[in-house]
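Secondary and tertiary structure notes
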Amino acid sequence: MGSIFGARVKRRLRAIVDEADRAAEYQQMFNDQALEDQKQRPALIPDWKCRWCDAPLERKGFYCDSDCEEDARKHRQMRGI
Ligand SMILES: [Zn+2]
């Protein structure tokens, strides 16, 4: 193929490819981190206290109310989990 792209366009394309490579690398890093987090996180078994505010629960569960569940969910999202 002859040079249909100017040098500047080629450089730009090269930069895009580099970016894609980096993105894939980051993705891999995030995946590894997510796996690590999963290993460290305790198993999700219902407990007698709220996982968010530690309030005692009347029956086994994860959260004392839907607010706590919502807050915990937002917190997880913020951390990107
Ligand atoms: Zn709670």
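Just so we're clear, the structure is a prediction, and the values are computed from it rather than from any experiment. (Residues numbered from 1 in each chain as written. Predicted model: local features only at pLDDT ≥ 70, side-chain atom pairs only at ≥ 80, totals over all residues.)

Some remarks on the overall build of the protein
Scanning the protein from N- to C-terminus turns up two helices and two strands. Reading the protein from its N end, one meets helices and strands in the order α-β-β-α. In the protein, buried positions account for 0% of the 81 residues. (Helix = DSSP H or I, 4+ residues; strand = E, 2+ residues; numbered from the N terminus. Buried ≥ 20, exposed ≤ 12 C-beta atoms within 10 Å, placed from the backbone.)

Here we look at the pairing of strand 2 (residues 56-61)
The element strand 2 is barely covered by neighbouring structure, given that only zero of its six residues are classed as buried. Two elements, strand 1 (residues 47-49) and strand 2, share two bridges in a ladder whose sense is antiparallel. Bridge pairing in strand 2 links lysine 49 to proline 56. Counting the residues in the hairpin turn of strand 1 and strand 2 gives six residues, including aspartate 54, whose phi is positive at 65 degrees. (Pairing = 2+ DSSP bridges.)

Considerations on the environment of aspartate 65
With respect to the element layout, aspartate 65 can be found in the loop between strand 2 and helix 2 (66-78). Taking the C-beta count within 10 Å as the criterion, aspartate 65 has 14 such neighbours and is therefore assigned partly exposed.

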